Amino acid sequence: MKKKQRSFWVSLVLVGLLALGAVTLFLTGTRPILGLDLEGGVSVILSAPEGTPETVMNQALENIRNRIDAFGTAEPLLFVTGNTIEVQIPGLARGTLEERAKKQFCIADDQGTTYSCSSTKDAADAELAAASVQPVVSSVCLTDDPTNEQAPTLFGEPAPCAGTEKDATAALDAITVKKQQGQFCLQNTGLATEPCYPTQAKAEDAQSSIETLTSQNFCIQTTGKQTLTSDLGAACAQAETDAQALLDGMTIKSSDTQFCVVSSAGENLGCYLDRPSAEARLQETGQERLLQVIGETARLEQREVLGVLQPTDPNYASTPLTCATPTEQATEECSFEALKDQNVVFAARDGGTHYQLGPVEITGDAIDKASAVYNAGSSTAVGQGWQIQFGLTGDGSGIFSDVTTRLQGRQLAIVVDDQVISAPTVQSPITNGSGVITGSFTEARAKDLATQLNAGALPVELTTQQVLTVSPTLGDESLQQGLVAAIAGLVLLFAYLLFYYRILAVVAWVGMLIWAVLALGLIALAGKTIGYNLTLAGVAGLVISLGVTADSYIVFFERLKDEVHAGRSPRAAVAPAFRRSFRTIVAADLVTAIAAAVLYVTAISSVRGFALTLGVATLLDLFVVYFFKRPAVSLLTRNERLVNWRVMGVKAGLAADREVGARDAMPAIAGGSE
């Protein structure tokens, strides 16, 4: 008997250690990850055309996941159902501003724009004292009309330009005269159409008329010929007087505090000297920007430029853009597959210039990695601002080398989503497997484009069907109301159990507390290991499971009452009562678990969270029932004082405080005798 009693204590100690481990998880910071409806965030449903293959939908989902991961947000939830993708991003609305103490001295202009910071005032003063206005080359163009400085041309077309004198001179030296089909044509001019002449003399005269035209800006540079830059761009102006006025207005601004933007995942998204700049950054990384990025196709193409149409060109109005309207873009004729081998006409990002382009030469699939960087310039070239540097895959590098070799001296347009970002002239073959995309980008646009290129183009056009935003306040209110309802229900349940089962209710209370701690511990571990998020539906699953657990205690106690009323002592009644009631408990819990499993497989979104918590918590009930309730009640009934306690004892709870086995007196029947 002592051996059996020892096994009961071992079982209770095991359960206690598991519960203590779950509490330790909470104390060390491992908590359940709250879902969208509790944490706040954004939910969006995207739809693809009917009949889109499952493999394409799965690839689109992974690309969207990669884009979201680049934002540093909480673990996203993504579901594919047929031709729709549901994206839930809990915690996005919880990006915060943090004030951090940091002593620094910064060069700032009279508008408050900060250009450079130092840890000491002496270093900042020295840097400002060394600053001066210097001429910096902005572009060097090849032209036959050097008087037209505002819009240089070459033989009536927009002049090809380079960033430095060296590159422009190399481009000029590369121009040659070659006889073609009875005419003498200039080669490697960088123009869409090479100019041709009836005689070699005229061609050579045209060649000799080409010269370089240098344009320059005036920039504020410090030691090392480094141009001062800010988040708004380089400290440069077209006129020297304007640059000097900017320099004269610069002062040293001291700061003891910086404002840092922190995402919901704890990632630092940038620090600023003033709150408005930090708030602008917080807004920039919020819901609106994310929605713009996750659903965009961002298909990158590179096409040869066949012609450039300016608004003043006679053919400008009569040459329509390809797939210019949303209605056209939704048709099969405007898909990538339909247009990749055709000549097209796309507009520049500014909407003014139109480009006549040849078939696709290179696609975004050739890009291995892209990153947004700020080009601050140097002493010989003005900064280009934000741009995207990209590296190519092995196959992409070979294709890029072949294309740039074949198109040397011609323009190669970089197209993103049917817009020409830039159309640089290929000065020489590019064989090192890397390149740069420039195009007057803002910081946000450059980083978004780099994110999209890294994640890959979406393999299918997606349409936003629904956007739902849940504020953190609403989520907190939902959680608090759920907790209030749960506590109220538990109080009523505990009162019911205490009224009917007296001291046995304590076993039920402790058992349900252990069950709750273990259930929350499992949810916390699932959130940390597999990214499970607890939603209101999951909370509902836990509440229902709590009811199932309470039923398990009631089934056992009622069976125990039947055994005692049949003449057994409470101690002798525990084993047969548990054996018979456990079969009923197992059957009921398995039915619930099977229903939860079917619901999990067939349902989507938050309903799956309900099914998961219901199923796991129900199976956890079997563990607690066997390893806690059985030994706890067995040990309780071995204590004669607790069994015979007049009001709260075991017998009182089982309505067995009268003589065990006594038969109730039968009422007399009229006309008869006892």
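This text goes with the structure placed above it.
Note that this is a predicted model, so its numbers are computed, not measured.

It is worth spelling out the overall build of the chain at this point. Regarding its fold elements, the chain presents 20 helices and 29 strands. Within the chain, contacts between residues separated by at least 24 positions form 70% of all contacts whose residues are at least 6 apart in sequence. Surface summary for the chain: the accessible area is close to 33,600 Å², and the carbon and sulfur share equals 55%.

Close contact between helix 16 (residues 536-565) and helix 17 (residues 570-602) brings their axes to 8 Å; oriented N to C, the two are set at 140°. The angle between helix 16 and helix 17 falls in the class oblique. Seen along the crossing, helix 16 lies across helix 17 with a hand that is right-handed. Residues V548, S552, V555, F556, R559, L560, E563 and V564 of helix 16 form the contact with helix 17, whose own contacting residues are P570, A573, V574, P576, A577, F578, R580, S581, T584, I585 and D589. Residue classes in the contact of helix 16 with helix 17 are distributed as 12 nonpolar, 3 polar and 4 charged.

Quick look at the pattern of salt bridges now. By the definition in use, this model includes 10 salt bridges. Between E361 and R406 there is a salt bridge, with its nearest N and O atoms 2.6 Å apart. With E361 in strand 22 (residues 354-363) and R406 in helix 12 (residues 394-406), the pair connects residues that are 45 residues apart, well separated along the chain. Where E563 meets R559, a salt bridge forms, and the shortest distance between an N and an O atom there is 3.0 Å. Separated by 4 residues within a single helix, E563 and R559 lie in helix 16, roughly one turn from each other. Through salt bridges with shared partners, a single network forms among R559, E563, R568 and R580.

The next subject is the pairing of strand 25 (residues 412-416). A regular strand places its side chains on the two faces of the sheet in alternate fashion. Of all 5 residues in strand 25, 5 are buried, a share of seventy percent or more. As paired strands, strand 20 (residues 300-309) and strand 25 are joined by 5 bridges and run antiparallel to one another. Bridge assignment links Q302 to a residue of strand 25, and that residue is I414. In terms of strand pairing, strand 25 meets strand 26 (residues 419-422) through 3 bridges, oriented antiparallel. Along strand 26, the bridge assignment pairs I414 with S422.

What follows covers the packing of aromatic side chains. This model, assessed by the stated rule, comprises 13 aromatic pairs. Plain terms: the ring middles of F499 and Y500 are 5.2 Å apart, the flat faces sit at 85° to each other, and that makes the pair edge-to-face. Given the relative accessible area of 57%, F499 is considered exposed. Here a set of aromatic residues connected by ring pairs shows up, and it is made of Y496, F499, Y500, Y501, Y553, F556, F557, F578, F582, F623, Y626 and F627. Over the face of the ring belonging to Y626 we find R630, whose NZ or CZ atom lies 4.4 Å from the ring centre.

This part is about helix 12. Taking 1.5 Å per residue, 13 residues should reach 18 Å; helix 12 reaches 19 Å between its end C-alpha atoms and fits that length. Taken together, the buried positions of helix 12 are G396, S397, F400, S401, V403 and T404.

Attention now goes to the state of the cysteines. Under the counting rule described, the total for this entry stands at 3 disulfides. At a sulfur-sulfur separation of 2.0 Å, the disulfide partner of C219 is C236. Negative torsions about the S-S bond denote left-handed disulfides, and the value of about 110° found for C219 with C236 makes this one right-handed. In this pair, C219 is assigned in strand 14 (residues 211-221) and C236 in strand 17 (residues 236-237), connecting sequence segments 17 residues apart.

On to the sheet that holds strand 26. An order of 20-22-21-26-25 is seen for the 5 strands of this closed barrel, with the pairing classed as mixed. For this sheet the average axis-to-axis angle between neighbouring strands, irrespective of direction, equals 55°.

Taken in spatial order, the 3 strands of this open sheet run 11-12-13, and their pairing is antiparallel. Unpaired on one side and paired on the other, strand 11 (176-180) and strand 13 (196-197) mark the two borders of the sheet. Bridging between strand 12 (residues 183-187) and strand 13 involves 2 bridges; their strand directions are antiparallel. The partner of C185 across the bridge, within strand 13, is C196. Packed on one face of the sheet, helix 6 (residues 200-208) meets strand 11, strand 12 and strand 13 and runs near 20° to strand 12.

How each quantity is defined
- Residues numbered from 1 in each chain as written.
- Predicted model: local features only at pLDDT ≥ 70, side-chain atom pairs only at ≥ 80, totals over all residues.
- Heavy atoms only, no water.
- Helix = DSSP H or I, 4+ residues; strand = E, 2+ residues; numbered from the N terminus.
- Contact = heavy atoms within 4.5 Å.
- Areas by Shrake-Rupley, 256 points an atom, 1.4 Å probe, with all protein chains shown as cover.
- Axes fitted to C-alpha atoms, helices over the stretch in contact; angles between N-to-C directions.
- Parallel < 35°, antiparallel > 145°, perpendicular 65-115°, else oblique.
- Left-handed = near helix turned anticlockwise from the far one by under 90°.
- Nonpolar A, V, L, I, M, F, W, Y, C, P; charged D, E, K, R; others polar.
- Salt bridge = Lys/Arg side-chain N within 4 Å of Asp/Glu carboxyl O.
- Buried < 20%, exposed > 50% of the residue type's maximum accessible area, 1.4 Å probe, protein only.
- Pairing = 2+ DSSP bridges.
- Phe/Tyr/Trp six-rings, centres within 6.5 Å; stacked < 30°, edge-to-face > 60°.
- Lys NZ or Arg CZ within 6 Å of the ring centre and 35° of its normal.
- Expected span 1.5 Å × (residues − 1).
- Disulfide = S-S within 2.5 Å.

Purely geometric stuff here, so don't read any function into it on its own.
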